[in-house]
Amino acid sequence: MALVNMKDMLEHAYRNRYAVGAFDLVGLEFLEGIIQAAEDCRAPVILSLAESHFDHYDFELLMPAVEAAAERAAVPVAIHFDHGATLDSATRAINQGCNGVMVDASMLSLPENISHTKAVVDMAHACGVPVEGELGYVAGVEGENAEHHPGELVFTSVEEARVYVQRTGADFLAVSIGTVHGRLKGRPRLDFQRLARINDALGVPLVIHGGTGLADEQFGRLIANGVAKINYYTALSDAAAEAVRGKMDDDGGYTTLLHGVRDAVAQEAARCMRLWGSAGRAAEVLMQCRPWQPVEHLIIYNVQGLDEAGVEYVMAEGRRVLSTIPGVRRVFTGEAMKDRATYRYSWLVRFTSREVIDSYREHPAHKAFANHLFRPHAGERISIDFQETQPTLQAATNVEAESLRA
Ligand SMILES: [Zn+2]
């Protein structure tokens, strides 16, 4: 289990003056390439899923693979929802397994941006999930047609940034200091003085979008001035496309064309990890950052005064209503397989993190369901919250030794 708390991860980077790559992935080849690079470099990494890419893949289908890759990885990983447009999409992303979310409301006026961001921060923090806000406008969108940059670049104002972070409670801030999404002709001129002033004023990890096409030396100065997360996609996309084009003359089908994509993505991502200083940091991050630790809320119970159909109705209603609550990953209802079990029924509700224990209990949807449907019929019951066991390396070694002796 190498999923870690993203706030801890980025604060480690911020304190130690390096930047973690947040690489947008658009399929399994990208996912495997990015993880391969992180493992080769021993680097912490952020797997990023941008809402603007959801036309290219089914988010709900890809997420289990992303989580599996993160859990299997030998390096610390966070899963980030990039450029979320609405409160609902951020909630859905968290419930699907993202442990960081970005609010993209920078096109709104400052007061509107603040109120929208604040709503997402309140929801996400109640799930234990940190939030990246954005102020100013980094022109263009994540994705194809990357040469086109609709809209005018708007630089982040230092004073507005201070107000924005104070009022919203955003954990990280994406700033606009001259980068644009997608490809550029020539090098952009970056406003490092502005960045330095924002960093002095805020003291939170800063984020750069539109990292493609910057010079090595520019990255160095960004990181020296508080940038701890760099969003990166276009160059990976170009490397992947180049790999496919290189196979065009080969005979063979789809898999032949895709054959080099994973390695091309890995190579470019690894170059970034070395350049941005995240290479070689994995062990420290694993030691110093909280693991991302799911919690399961278990209830075993008997019912009074309900027939089978009534019980079924309550369970179906519970699954429907409770699964919409922020921070609820999964609602499982079960029935004992033995006729004479001490407890006949069960609920198993999986939370993203321990913070959800309280916010779930207080959520209006949970209160209404518990008070009107569940409690009036639930008889004797046991209710416990369990946190996933985190074996330390030492404990894991001991258990192995024990079981070998047995
Ligand atoms: Zn972006």
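Residues numbered from 1 in each chain as written. Predicted model: local features only at pLDDT ≥ 70, side-chain atom pairs only at ≥ 80, totals over all residues. Heavy atoms only, no water.

Some details on the overall build of the chain
Short version of the rule: For helices the rule is a DSSP run of H or I covering at least 4 residues; for strands it is a run of E covering at least 2, with both sets numbered from the N terminus onward. Any residue under 20% of the maximum accessible area for its type is buried, any over 50% is exposed, and the rest in between are partly exposed; the area is computed with a 1.4 Å probe on protein chains only. Only the protein chains shown count as cover for residues, with accessible areas throughout obtained via the Shrake-Rupley method and a probe of 1.4 Å. When charges are counted, Lys and Arg are positive and Asp and Glu negative, with His and the chain ends excluded. Note that the charge is assigned to NZ on lysines, CZ on arginines, CG on aspartates and CD on glutamates.
Counting its secondary structure elements, the chain contains 16 helices and 12 strands. Sorting the 406 residues of the chain into buried and exposed places 52% on the buried side. Here the chain has roughly 18,900 Å² of accessible surface; of this, 51% comes from carbon and sulfur atoms. Separation of charge centres in the chain, based on 38 positive and 54 negative side chains, amounts to 5 Å.

Re the confidence of the model for the chain
Selection criterion: For every residue, the predictor states its confidence as a pLDDT score lying anywhere from 0 to 100. Should any heavy atoms of two residues lie within 4.5 Å, those residues are considered in contact.
In the predicted model, the chain carries a mean pLDDT of 91, and 92% of its residues have values of at least 70. The low-confidence segment residues 144–148, where pLDDT is below 50, has nine contacts with residues more than four positions distant or belonging to other chains. Counting interchain partners and residues more than four positions distant, the pLDDT-below-50 stretch residues 393–401 has zero contacts.

Some remarks on the sheet that holds strand E6 (residues 172–175)
Spelled out, the test is: A strand pair is defined by DSSP finding two or more bridges across the two strands. Angles shown run from 0 to 180 degrees and are taken between the N-to-C directions of axes, each axis being a line fitted to C-alpha atoms and, for helices, limited to the stretch in contact.
With parallel pairing, the eight strands of this closed barrel are ordered in space as E1-E2-E3-E4-E5-E6-E7-E8. Adjacent strand axes in the sheet meet at a mean angle of 25° when their direction is disregarded. Note that strand E5 (residues 131–135) and E6 share four bridges and pair parallel. Looking across to E6, one finds that Gly-133 is bridged to Leu-173. Running over the sheet, helix H5 (residues 110–125) touches strand E4 (100–103) and E5 and is turned about 175° from E5.

Quick notes on the packing of helix H4 (residues 87–96) against H5
The cut-off we apply is this: Working rule for angles: under 35 degrees goes down as roughly parallel, over 145 as roughly antiparallel, 65 to 115 as roughly perpendicular, anything else as oblique. The crossing is said to be left-handed when, going from far helix to near helix, the turn is anticlockwise and less than a right angle, and right-handed when the turn is clockwise.
Two elements in contact, H4 and H5, have axes whose closest approach is 10 Å; the angle formed by their N-to-C orientations is 25°. Our classification of the angle between H4 and H5 gives roughly parallel. Viewed along their axes, H4 and H5 form a crossing whose handedness is right-handed. Across the interface between the two elements, Leu-87, Ala-90, Thr-91 and Ile-94 from H4 touch His-116, Ala-119, Val-120, Met-123 and Ala-124 from H5.

Describing the packing of aromatic side chains
Each pair of aromatic rings is reported with the distance of its centres and the angle of its planes. As a reminder of what qualifies: Aromatic rings from Phe, Tyr and Trp, taking only the six-membered ring of Trp, are treated as a pair when their centres fall within 6.5 Å; an angle between ring planes under 30 degrees marks them as stacked, one over 60 as edge-to-face, and anything in between as tilted.
One pass over the structure, following the stated rule, counts 15 aromatic pairs. Joined through ring pairs, the aromatic side chains of Tyr-301, Tyr-345, Trp-347, Phe-369 and Phe-374 make up one cluster.

With respect to empty space enclosed by the protein
Unoccupied space between atoms shows up once a probe the size of one water molecule is rolled over them. This is how the line gets drawn: Lining residues are defined by having an atom within 4 Å of a point belonging to a cavity or pocket. Those points lie on a 1 Å grid over the protein atoms alone, cavities being sets where a 1.4 Å probe fits but cannot get out and pockets being open sets with protein on both sides within 12 Å along at least five of seven lines. Grid points are joined across faces, edges and corners, and a volume is the space filled by probe spheres set on the points. Residue type decides the class: Asp, Glu, Lys and Arg count as charged, Ala, Val, Leu, Ile, Met, Phe, Trp, Tyr, Cys and Pro as nonpolar, and the leftover types, Gly among them, as polar.
One pass over the structure, following the stated rule, counts two cavities of 30 Å³ or more. In this structure, the second largest cavity spans a volume of roughly 40 Å³. Lining the second largest cavity, in full, are Tyr-301, Val-303, Leu-306, Val-311, Val-314, Leu-373, Phe-374, His-377 and Ala-378. At the level of elements, strand E9 (295–303), helix H13 (308–322) and helix H15 (364–374) are the ones that each hand at least two residues to the lining of the second largest cavity. Split by residue class, the lining of the second largest cavity holds eight nonpolar, one polar and no charged.

As for the pattern of salt bridges
Side chains that differ in sign of charge can pair as their charged atoms come close. Worth spelling out the cut-off: By definition here, a salt bridge exists when the distance from a side-chain nitrogen of Lys or Arg to a carboxyl oxygen of Asp or Glu is within 4 Å.
Tallied over the entire structure, the rule returns 20 salt bridges. A salt bridge links Arg-281 to Glu-284; its shortest N-O distance comes to 3.2 Å. For Lys-367, the salt bridge is made with Glu-362, and the minimal N-O distance between the two is 3.4 Å. If you follow the salt bridges from partner to partner, you end up with Lys-7, Glu-11 and Asp-171 in one network.

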